[in-house]
Structure formats: C-alpha cells, structure tokens
Protein chains: 2
Amino acid sequence: MATSDRANRDLRVAVVGATGAVGEVLLNVLAERKFPVGSLLPLASERSAGSRIQFRGESIAVEEARPDAFEQVDVVFFAATGGLSKSLAPEAVRRGAVVIDKSSTWRMDPRVPLVVPEINPAALDKHEGIISCPNCTTIGAVMTLEPLRRAAGLEEVVITTLQAASGAGVAGTSELEAQEQALQKGEALKSDVFASPLARNAVPVCDAFREDGYTLEERKLTDETRKILGLPSLAVTATCVRVPVPVGHSASILVRTERPLLLDEARTALANFPGVELYDTEAPTAQDVVGRDEVLVGRLRRDLASEGLWLWEVSDNLRKGAATNAVQIAEALGERGLL
Amino acid sequence: MATSDRANRDLRVAVVGATGAVGEVLLNVLAERKFPVGSLLPLASERSAGSRIQFRGESIAVEEARPDAFEQVDVVFFAATGGLSKSLAPEAVRRGAVVIDKSSTWRMDPRVPLVVPEINPAALDKHEGIISCPNCTTIGAVMTLEPLRRAAGLEEVVITTLQAASGAGVAGTSELEAQEQALQKGEALKSDVFASPLARNAVPVCDAFREDGYTLEERKLTDETRKILGLPSLAVTATCVRVPVPVGHSASILVRTERPLLLDEARTALANFPGVELYDTEAPTAQDVVGRDEVLVGRLRRDLASEGLWLWEVSDNLRKGAATNAVQIAEALGERGLL
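As a starting point, this report considers the structure included with it. (Residues numbered from 1 in each chain as written. Chains lettered and ligands numbered in written order. Predicted model: local features only at pLDDT ≥ 70, side-chain atom pairs only at ≥ 80, totals over all residues. Heavy atoms only, no water.)

Once that is clear, we can look at the overall build of chain A. Scanning chain A from N- to C-terminus turns up eight helices and 14 strands. Compactness check: chain A gives a C-alpha radius of gyration of 20 Å against a globular reference of 20 Å for 339 residues, within 12% of the reference. For chain A, the spread of C-alpha atoms along the principal axes amounts to about 60 × 55 × 40 Å. Evaluated residue by residue, chain A yields a buried proportion of 60% over its 339 residues. Considering only contacts within chain A whose residues lie at least 6 apart along the sequence, 65% involve residues at least 24 apart. Summed over all atoms, the accessible surface of chain A reaches about 12,500 Å², with 48% contributed by carbon and sulfur. (Helix = DSSP H or I, 4+ residues; strand = E, 2+ residues; numbered from the N terminus. Rg over C-alpha atoms; globule rule 2.2 N^0.38 Å. Buried < 20%, exposed > 50% of the residue type's maximum accessible area, 1.4 Å probe, protein only. Contact = heavy atoms within 4.5 Å. Areas by Shrake-Rupley, 256 points an atom, 1.4 Å probe, with all protein chains shown as cover.)

Roughly 1,000 Å³ of internal volume is contained in the largest pocket. Along its surface, the largest pocket is lined by 41 residues, and Ala-80, Thr-81, Gly-167, Ala-168 and Gly-169 of chain A are the ones closest to its centre. For the lining of the largest pocket, the elements supplying multiple residues, two or more each, are helix H1 (21-32), helix H2 (82-94), helix H4 (169-185), helix H5 (216-229) and helix H8 (319-335) of chain A. It is H4 of chain A that contributes the most residues to the lining of the largest pocket, three residues altogether. For the lining of the largest pocket, the residue count by class is 17 nonpolar, 17 polar and seven charged. What the second largest pocket holds in volume is close to 900 Å³. Surrounding the second largest pocket, 36 residues form its lining, Ala-80, Thr-81, Gly-167, Ala-168 and Gly-169 of chain B being those nearest its centre. (1 Å grid on protein atoms, 1.4 Å probe; cavity = no way out; pocket = protein on both sides within 12 Å on 5 of 7 lines; lining within 4 Å. Points joined across faces, edges and corners; volume = space filled by probe spheres on them. Nonpolar A, V, L, I, M, F, W, Y, C, P; charged D, E, K, R; others polar.)

Turning to the relation of the copies chain A and chain B, a few remarks are in order. Once turned by 180° and shifted 0.0 Å along the axis, chain A lies on chain B with an RMSD of 0.0 Å. Accordingly, the operation relating the two chain copies is best matched by a two-fold axis. Both copies present the same face, since 100% of the interface residues in chain A are matched by interface residues at the equivalent positions in chain B. (Least-squares fit on C-alpha atoms with pLDDT ≥ 70 in both.)

This next bit is on the interface of chain A and chain B. Facing 56 residues of chain A, the contacting portion of chain B comprises 56 residues. Here chain A packs against chain B, burying approximately 4,300 Å² in sum over the two surfaces, 56% of which is carbon and sulfur. When the buried surface of chain A facing chain B is broken down by residue, Arg-200, Arg-299 and Leu-304 of chain A rank first, second and third, together holding 16% of it. Viewed at the interface, chain B and chain A are joined by ten salt bridges. As a salt-bridge pair, Arg-256 of chain A and Glu-156 of chain B come within 2.4 Å of each other at their nearest N and O atoms. Viewed at the interface, chain B and chain A are joined by 30 residue pairs in polar contact (both at pLDDT 80 or more). (Buried area = accessible area lost by both parts, 1.4 Å probe. Salt bridge = Lys/Arg side-chain N within 4 Å of Asp/Glu carboxyl O. Polar contact = N/O pair within 3.5 Å; in protein donor to acceptor, adjacent residues only side chain to side chain.)

We now examine unusual backbone geometry. Trans peptide bonds make up most of the peptide bonds, and negative phi angles are found at most residues other than glycine. Phi is positive for Arg-200 of chain A, close to 55°, though the residue is something other than glycine. Relative to the elements of secondary structure, Arg-200 of chain A occurs in the loop between H4 and H5. Looking at Arg-200 of chain A, the relative accessible area reads 9%, which means it is buried. Positive phi values are uncommon outside glycine, yet Gln-72 of chain B reaches one of about 70°. Within the fold, Gln-72 of chain B resides in the loop between strand S5 (63-64) and strand S6 (75-78). Under the relative-accessibility criterion, Gln-72 of chain B is labelled exposed at 66%.

In this section: the packing of aromatic side chains. Any two aromatic rings considered together are summarised by their centre-to-centre distance and by the angle between their planes. Considering all chains together, one arrives at two aromatic pairs over all chains under this definition. With a centroid separation of 6.0 Å and an interplanar angle of 35°, the aromatic rings of Phe-70 of chain A and Phe-78 of chain A are classed as tilted. Of the two residues, Phe-70 of chain A and Phe-78 of chain A, both sit in the buried class. Note that Arg-301 of chain A overlies the ring of Tyr-214 of chain B, its terminal NZ or CZ placed 4.4 Å from the centroid. (Phe/Tyr/Trp six-rings, centres within 6.5 Å; stacked < 30°, edge-to-face > 60°. Lys NZ or Arg CZ within 6 Å of the ring centre and 35° of its normal.)

All names here are of chain A. Mapped onto the elements of the fold, Val-290 is located in the loop between helix H7 (286-289) and strand S13 (295-302). With relative accessibility at 44%, the residue Val-290 sits in the partly exposed group. Once the C-alpha coordinates of Val-290 and Asp-212 are considered, the two residues, 78 residues apart in sequence, prove to be 34 Å apart. In this view, Val-290 contacts Val-247 and Asp-316; residues no more than four positions away in its chain are not counted.

Here the focus is the sheet that holds strand S1 (residues 11-16) of chain A. Residue and element names in this part refer to chain A. On the basis of which strands lie adjacent, the open sheet formed by six strands has the order S5-S2-S1-S6-S7-S8 and parallel pairing. Of all strands in the sheet, those bounded by a partner on one side alone are strand S5 (63-64) and strand S8 (130-132). Contacts from H1 reach S1, strand S2 (37-44) and strand S6 (75-78) within the one sheet, and its direction differs from that of S1 by about 160°. On the sheet, H2 packs against S1, S6, strand S7 (98-101) and S8 and is oriented at approximately 175° with respect to S6. (Pairing = 2+ DSSP bridges. Axes fitted to C-alpha atoms, helices over the stretch in contact; angles between N-to-C directions.)

The next thing to look at is the pairing of strand S9 (residues 154-163) of chain A. All names here are of chain A. Along S9, nine of the ten residues are buried, which leaves the element largely enclosed by surrounding structure. In the sheet, S9 pairs with strand S11 (residues 249-257) via eight bridges, with the strands oriented antiparallel. For Thr-160, the partnering residue across the bridge sits in S11 and is Ser-252.

Here the focus is H4 of chain A. Along its 17 residues, H4 of chain A runs 25 Å from first to last C-alpha, staying within 8% of the 24 Å computed at 1.5 Å per residue. The set of residues buried in H4 of chain A consists of Gly-169, Gly-172, Glu-175, Leu-176, Gln-179, Glu-180 and Ala-182 of chain A. Down the axis of H4 of chain A, the smallest arc covering the buried residues is 160°, so these residues share one side. Residues of H4 of chain A that are buried in the fold lie against H1 of chain A together with helix H4 (169-185) of chain B. (Expected span 1.5 Å × (residues − 1). Arc of directions from axis to C-beta.)

So, in structure tokens, the structure goes:
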C-alpha cells in the first residue's frame, strides 16, 4: 500500500501503453524531471509486447500488461486504452500499487480524485489507489479558468476547442500525415480515425456522438471541469473541433465571472498562476507550445456582449495535457507522503 | 442613373479585381446564374491590367481600373482592395453606375445598404449608388442567425470562427500551399500574409489588431451583424481564427434567444430558410461546402449552460461569402426595378 516510508527511495514504476503517443512522451518526461525511477517496467497490450523502448539511454523490452506484472510495483501510469485501464487498474491497486490513469475510465467515479496538481492537489489525500488525469482538453481549460475563479468566481464559460490530431493517438497523427501525402499526390483521402478527412479541413467531431447531440469529448470537458474546480453546477458548455495540427490543442474561451474583474486583475491572476504563461493580447499558437509544459494564454480582452473576458489558450496535449500532468500527480503524491 | 427601364435589357457589367480570388469566382457565378451580362469589362489595378480573363468561353483583356472606365457601365462589382473601392466607387456612381462593393470600405456608412438578399433586400430600396456586400465571415453567421431571430428573437451570440486561407485572397492560399510544400521538404516556413505560420497550425489572428485587443475581422463580425439584422445593440462577440484550410469558413456559434425556442422549432426555422441547408445534429465541414452556395448548418443542440443553442455553420467564403452574395444583390436590384 501507499506508505510514506517509500518517499525517500527510488520507485518501481510501470507504464502501461509505453509504446503509444502519450506513453513515449511520458518516458521522456519521467527522465527530464528526474522522477525517482529505480526500475522501469514498460507494459503494453499483447499486440505491442516484445517491442523495445528507450529510457534514460537504456533499451528495455516491453512486456504484456497482465495482472501479475504489477507485483512489487509502486506506481503505474496507464497511458493506454480505456479497456486496459478498466480491467487492470484494480489489479494493480490490489497488489499495492498507486495507479495514475490517463484514460477516461475512472475520471467521474466519485471515489477517484481527478487532479491537476496546480489546482486541486489536496484531492489526492483521499485517494483509494486510482487517481485520474483529466482529458487533454480539460487540462488546458481549467489551467486558464482556475486563476480567474480564484480572483472573481466563475459564472459561465463558453468554449470552442481546436484540437490536434495526436489527441487521437499515433493513429490520428499518422492519418493526418497520410492524408497530406495523398493530397500532394492527388490521391483520394482515407478516413478511419476521424469523422471526415482532416487534412485541409476542420471537423467538429472529437470522439463519439451521444444521443443528445454532444460528443463524448464535449461532455468530458463540462463534467471534468466541474469536478476539478469543485463547482458541480458550473455553467460550462463546449464545442470540440479537430483541426489539421499534429500537436497542440487550442481553445477559444469566453468567461463570465461572478464578481467584476478588471483586465489588469485578470492579467495579474493569470501571470502569477504556476504553469500559465501569459501572452496578454498577443496570440500564442499550437506551434509555439509544442514541447513545452506551460499553458500559454493570450488574446485577453473584454467581450463585446457583456462584462466577460475572451481568452485563447494553447497547450501541448501530449505533455501538460497528458504525460507531464500525470508525472506531476506522481510528484505531488510523493510530496504529500503518499508514495 | 439606375432606372427601371434597364430591367429588361442586358447590362454592361464591370468587375474591378477580375483577376483576384473573389473576382475569378464572381465571373463564374455571373455565367452560372445567367445574369444578364450584355458586355463584360474586367478591370484591375495597374499591376494586373493587360492580363486576360475567361468569361462564358471568351477571352477578354483586363483594363486598368480608372474613373473613365466606368462611362456607360450599368453595374460595377468591386472585388479588389479597399483602396480601389474608396477612390473609384464614387467615380463609378458619378457616371451613373450602381456599385456592389465587396470591400469593407463602405459597409458601416449609414448611407450604404449592407445586404444579404435572403435577409434584408428592402434595404436596397434606399441605396444612393453604392451597396456593400458583408464580410465573408458575417454572411455565414447572419444566414444562421436570421431564421432564429425570426422564430424567437436574439438575446446573445458568441462566435468562434475557423477561417480559410483564401479569406486573405490568392496570396493567402499561395502562402498556405508554399508552407505545406516547405514542410514536406523539411524547409523553413515563410509567413508574410498570416501572423504566424498557418500550415499545421491554428492562428487566432484575422486581419490587423485594434488598440482594444480585437482584430478588425472580429469587429466587422459584430458591427456588420448588428447592421444587417437591424439590431444595433445586439450582444454579439467573436474570436476569429485562421486555420489551414484552402476554402470554406466554419463557425462555432452559441445563440441565446429572447423567447424560449424548442429544438424542433429551431430545426423548422433553419430548414425552411432559403439558402440554408440543415444538417441537424450532423457535422458539415469546410470541404463539404466548397463550390456550393448554401450555408450548411449542423451540430444543433441545446447548450449545457443555459437555454441557448449550439450550432456549427460552414460556407464557401468565395461563393456565398463573397461572389454569389454580390451577384444575388445585383439580381435583387433587378427584381426591385433598381437596375
């Protein structure tokens, strides 16, 4: 079980989905941030087991993710499909590991903390073995909203996202690249991952449709934002759009605060918030944020319809939107004596 | 002068900017719609004069746009720079022509009708020689808003656009294509037209910045929407984003109506409005609308924050967003005995 005597020693760390888009970045982030990995156990579905990954200059064989693999493991990062998280996370917890899960499987479970460490680290204290990492889109949004919430409360939030192909994993990035190649050759485009051809297009469908006309991605953004901010009835609504960008999610956000907030107060709140880099009225783009851990916030101005604020936010969906946030959760667990 | 006896004869039509992105489409639309062109006079800036255009299978030399050129002309379409419209539109009117101007120069002039023929054709009756065609982004938006306004009034509109490169003319489309070619070759990207590299990116800057943090494009969308809908204090606010799409503007629109509006009532209003094609909860994309004159409206659903509606709208920015709307204005003038 998670006990504080583990805080001062190196940890046995497993990564499920080590060969995926997020898994690969996660291994880099663990090394970059000098997370105390004593030994690394890369795991994957049966299909990817047997391949090798690189970690801190070492080549390590990927093993099949099965319940037995989690014996003696301290921390498991799940960066694979929801199916693997659902079946295997409880097995890992049963064997004494702490699970940090990047899938959507456990996020809305009331027993599971959903954590962005800059915002709600105290939620970790009550964990029962599984901690969820929010959706990539949610993380950029709440990092932008939390400083404004602290300064003036939130009344209403309207979001339109412009999401990168890699949000759909390696398959998404590959499909975009294949479509671009096909366009250059004048060939027909194939779309398996995305609802419509993505190259030279904008497709307002991320993830599957629900009966009410929303996509799962849009509901995740609403539900997860409410849970992380601790505002279960916050008026927050979104349209999520896929754009032909390899990495870097953007979001156009209109925020109305409970109390009046001067532009200068908003500037101060955003500029002082850890993990946010304020571009003020300037326009950061997805390309500016690739490889970075900060959420870049720009286009700050008063909206023309009310006393609200417009903002434009970009984040690296594979780093702060996924891998970095997951590693930060592990770091926060360590700092709180929970590893 | 514009007199009704011209209604039954073929017209002498001039097109200023005949070699530009909109000008070229305008010539096609005039031919497709069998607009009664007796003779065509293609005009352009000094730089482009001397080149040739094709109209109804005929090759015609482009002449320099100078005041004298407008003698004996009935209708002039301006599809060039604002500078040419500003200096030459009054010269054309002085010589008895009716001007239909695609530039932003005259749009907010209280003496100048700003017209989308499906919405406010009666505004044409008071014209004093110049009629403005709205910005491409505005046309898609108001075509979506007007059916809802008629059904239940408008209280508030929040828009995020995703705009095609061709909205910045041939230079925009060429820059995007050159950047894509450079990416394939691993070369550095050059950006002259757009604020940041557009290929594989999303750039939340269309047109120049104002002092208040808005871009000109965003203010056009607010100001023109208010004027066309005849709602001078409508709460309508926008963020305008350029995306790496050659043709086809998209917009994510949140609408709150004055009176409650059931989803089925919204469906009926949109489906019955001329020039709108309803995709209901489905997701039309920019690629679906290229070459078409309808505004495609989809992703219809109730917003999760209030009693509002989310919609997603796409239009061909060169056709309904520019050339087709301009030709429809000319047709409406004819129908009203004003040509």
